[in-house]
Amino acid sequence: MQTVALADDLGLKVWHVPNWPDDLSGKIVKSADQGGPSGYAIYVNKGHHVNRRRFTTAHEIAHFILHRQFIGDGLVDDGLYRSRLSNSMEAQANKLAADILMPRNLLNQHIANGVTSVARLAEIFQVSESAMSIRVGAPN
């Protein structure tokens, strides 16, 4: 899944920001100037690995879909994807981000076809090994 294309389809503008501290992953902000047609912009730490940027973008998309009424003027996620939202809302955003990047039906197809290495699955789905490890260990 191309996360920037999905964001575009949802009316979100994605910006990759250089020179952010490593402990800042991303944020979603209501912005008339830099937002897309929805009025929201996603900012992602350009210094992070491409797989992490993809997860950050998917995580912020999930906040837009699930928690738009709580975003206010902006919502910042640190390096551990924590924000001012509750832990349960962050967990919901992480779950939807995983669903976007690693759809169960496609993941199960690869596993059924003999691809069982977490490293190989992570490569196929362009996510980190830790994200894939959590995904394959999580119940359906």
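Residues numbered from 1 in each chain as written. Predicted model: local features only at pLDDT ≥ 70, side-chain atom pairs only at ≥ 80, totals over all residues. Heavy atoms only, no water.

When helices and strands are counted, the protein chain shows 6 helices and 4 strands. Moving toward the C terminus, one meets the helices and strands of the protein chain in the order α-β-β-β-α-β-α-α-α-α. Burial status across the protein chain gives 44% buried among its 140 residues. Expressed as a percentage of contacts within the protein chain between residues at least 6 apart in sequence, the contacts between residues at least 24 apart total 60%. (Helix = DSSP H or I, 4+ residues; strand = E, 2+ residues; numbered from the N terminus. Buried < 20%, exposed > 50% of the residue type's maximum accessible area, 1.4 Å probe, protein only. Contact = heavy atoms within 4.5 Å.)

Let us now look at the pattern of salt bridges. Pairing between side chains of opposite charge can happen when the charged atoms of each approach one another. Scanning the entire structure with this criterion turns up 3 salt bridges. Between Asp-99 and Arg-135 there is a salt bridge; the shortest N-O distance is 2.8 Å. Of the two residues, Asp-99 sits in helix H3 (residues 87-101) while Arg-135 sits in helix H6 (residues 129-137), which places them 36 residues apart along the sequence. Under the relative-accessibility criterion, Asp-99 is labelled partly exposed at 27%. One salt bridge connects Glu-123 with Arg-120, and the closest N-O pair in it is separated by 2.9 Å. (Salt bridge = Lys/Arg side-chain N within 4 Å of Asp/Glu carboxyl O.)

The next thing to look at is the packing of aromatic side chains. This structure, assessed with the given rule, holds 1 aromatic pair. A ring pair is formed by Tyr-40 and Phe-64, whose centres lie 5.4 Å apart and whose planes are at 70 degrees; its orientation type is edge-to-face. Of this pair, Tyr-40 sits in strand E3 (residues 40-45) while Phe-64 sits in helix H2 (residues 50-71), and the two are 24 residues apart along the sequence. Taking NZ or CZ as reference, Lys-13 lies 5.0 Å from the ring centre of Trp-15, over its face. (Phe/Tyr/Trp six-rings, centres within 6.5 Å; stacked < 30°, edge-to-face > 60°. Lys NZ or Arg CZ within 6 Å of the ring centre and 35° of its normal.)

Moving on: the packing of helix H5 (residues 118-125) against H6. Running from N to C, H5 and H6 cross one another at 110 degrees; their axes reach a closest spacing of 9 Å. If you check the angle between H5 and H6, you find them roughly perpendicular. Contacts from Val-118, Ala-119, Leu-121, Ala-122 and Phe-125 in H5 reach Glu-129, Met-132, Ser-133 and Val-136 in H6. Split by residue class, the contact of H5 with H6 holds 7 nonpolar, 1 polar and 1 charged. (Axes fitted to C-alpha atoms, helices over the stretch in contact; angles between N-to-C directions. Parallel < 35°, antiparallel > 145°, perpendicular 65-115°, else oblique. Nonpolar A, V, L, I, M, F, W, Y, C, P; charged D, E, K, R; others polar.)

Now for the side chain of Thr-3. Tracing the chain through its elements places Thr-3 in helix H1 (residues 3-9). Contact partners of Thr-3, with chain neighbours within four places excluded, come to Arg-54, Thr-57, Ala-58, Ile-61 and Leu-101.

Our focus in this paragraph is a nonpolar patch on the surface. A surface patch of nonpolar side chains, amounting to about 220 Å² of accessible area, comprises Leu-10, Ile-65 and Leu-66. Topologically, Ile-65 is positioned in helix H2. Ile-65 gets classed as partly exposed once you look at its relative accessible area, which sits at 45%. (Patch = residues over 30% accessible without salt bridge, like charges linked within 9 Å, V, L, I, M, F, W, Y side chains within 5 Å. Areas by Shrake-Rupley, 256 points an atom, 1.4 Å probe, with all protein chains shown as cover.)

This part covers the nonpolar core. Of all hydrophobic cores here, the largest spans 29 residues; its most connected members are Leu-12, Ile-28, Ile-42, Met-102, Phe-125, Val-127 and Met-132. Sequence-distant contacts of Met-132, that is, excluding residues within four places in its chain, are made with Met-102, Leu-107, Val-118, Leu-121, Ala-122, Phe-125 and Val-127. Trp-20, Leu-24, Val-29 and Tyr-43 belong to the second largest nonpolar core, which has 6 residues in total. (Core = buried A, V, L, I, M, F, W, Y, C linked by side-chain atoms within 4.5 Å.)

Once that is clear, we can look at the confidence of the model for the protein chain. Residue-level pLDDT values for the protein chain average 90, and 90% of them are 70 or greater. Considering each helix and strand of the protein chain separately, the mean pLDDT is smallest for strand E4 (residues 74-78), with a value of 70, and largest for strand E1 (residues 12-17), with 98. (pLDDT = per-residue confidence, 0-100.)

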